[in-house]
Structure formats: C-alpha cells, structure tokens
Amino acid sequence: HDALSAARELAKDSRKKLIEEAGTLVSRAMERDAPARLKAIQARWQEQAKAMAISPRDERVLWQQFRSICDSVFNARDAGRKDAVVRKHEVRRALEDLCLQFEQLALETDQDDHALRRLQHELQENWNRQPREAGPGLRDLETRFTKARNAVDAMMSARTRSREAAVWGTLAAKERLCDELDGLVQAGAGVHQAAAESADKQAATQ
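Being a predicted model, the structure only gives us computed values, none of them experimental.

## Focus on the nonpolar core
Counting 17 residues, the largest nonpolar core has L95, F102, L105, W127 and V152 as its most contacted members. Secondary-structure elements contributing two or more residues to this core are α3 (56–105), α4 (113–129) and α5 (136–205). With seven residues, α5 is the largest single contributor of residues to this core. Setting aside its immediate chain neighbours within four residues, F102 contacts Q120, L123, Q124, F145, A148, R149 and V152. One finds L18, A29, F66 and V73 within the second-largest nonpolar core, a separate group that totals 14 residues.

If you want it as structure tokens, here you go:
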C-alpha cells in the first residue's frame, strides 16, 4: 500500500510538471512549433495516465487544470491570428490611403514645386515606414503607388517644360519685335536719305 501511494504521488507530481510545462507555452502560443509541442505534452499525459492511475478526485482536478492550460494556448493562438488579420487590414488601408494621396497630389496644379516636392517626400517616407508582408495584394499596391509617384514626377516635368517653353516663346517674341524695329529704323533712314538727295538736286538746278 505504501509503495502504491508513493507511485501515485510520483504520478501526481509528473502530471503537475506537465501542467507547468504546458503553461510556459501560453506566452509563446504564436510560435510556429507551439501546437506541436503542446500535442507532445498531451501525448505524454495520456501515456502517464495509462501507466499509473491516481485517485479519481486528483485526476479530475489535475485534468481540469491541464485542459484549461491547453485551451489558453489555443485561444491565445486564435486571438493572435485575429490580431494579425486586423493589423494586416489596417496596414493595407494605410497603404491604400497613401496611394490615394499620391494620386491626388498629381492633380494639385495650384501647388508650387517646393510644396509638391515636400509632400512627395513625406508620402514616400510614410510609405517606407509602413510594416508589410510580401504577397499579391502588396504587389498590387506597390504598383499603384509607383504609378502615382511617376504621375507626380511627370506632372512636375511637364510644368517645367511649359515654363521653359514660355521663356523661349517670350525670347522669340522679343527677337521678332527687335527685327521689326530694326526694319522700321532702316526704312526710316532710307526715306530721310531720299529726301536729302532730292533736296540736293533741287538746289543744284537753281
């Protein structure tokens, strides 16, 4: 009887150690090998239960504790996955918003170049700071963001070319005006010369 009691006490201690070992997985529930490790602990529990039975009352109490720990691990994993999904959606919404802001920036014709460059830099920095995981959805957003950024660059380049064209147009107009003035001056000089020659001829005949 004493030997049986001692064996049951050892079995109880072994069950308690399994409970403690399973408890360490609660805070590490999101680790990849956590489910496999928990299942291995559950298998050892079953082996010990078959090898040495303990009093029904102790077995019930310890089993409830062990099952509660196991449920906590799986519940923590479920909560972690849900949180990860929520975070993923939040990041996607943030990236979509940045794409939209960049697309709208390409339509900001009233902003000067300095303000546009500053806003463009801020949007790029915000994009780089966003945590994200590789995937088809992210590739689509990256393509959209790149197109929007290129649209802003193209708009600013077009504005620069337009200003340069206006400058050259102004210079060409000034050059044409100068040519016209030169022509008028030359024409005026010719009239004066003809008048002078006519006056000389009249003086010679008198």
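## Quick word on the packing of aromatic side chains
One pass over the structure, following the stated rule, counts five aromatic pairs. Pairing W63 with F66 gives two aromatic rings, centres 5.9 Å apart and planes at 40°, and the pair type is tilted. Taken together, the residues W63 and F66, both in helix α3 and three residues apart, mark about one turn of the helix. Taking relative accessible area as the criterion, W63 reaches 38% and is therefore assigned partly exposed. Taking 4.1 Å as the distance between ring centres and 15° as the angle between the ring planes, the aromatic pair formed by W127 and F145 counts as stacked. Of the two residues, W127 is situated in helix α4 and F145 in helix α5; the sequence distance between them amounts to 18 residues. Judged by relative accessible area, which is 5%, W127 ranks as buried. Of the residues examined, F145 reaches a relative accessible area of 2% and is grouped as buried. Chaining the aromatic ring pairs together yields one cluster made of W45, W63 and F66.

What counts and how
Residues numbered from 1 in each chain as written. Predicted model: local features only at pLDDT ≥ 70, side-chain atom pairs only at ≥ 80, totals over all residues. Heavy atoms only, no water. Core = buried A, V, L, I, M, F, W, Y, C linked by side-chain atoms within 4.5 Å. Buried < 20%, exposed > 50% of the residue type's maximum accessible area, 1.4 Å probe, protein only. Helix = DSSP H or I, 4+ residues; strand = E, 2+ residues; numbered from the N terminus. Contact = heavy atoms within 4.5 Å. Phe/Tyr/Trp six-rings, centres within 6.5 Å; stacked < 30°, edge-to-face > 60°.

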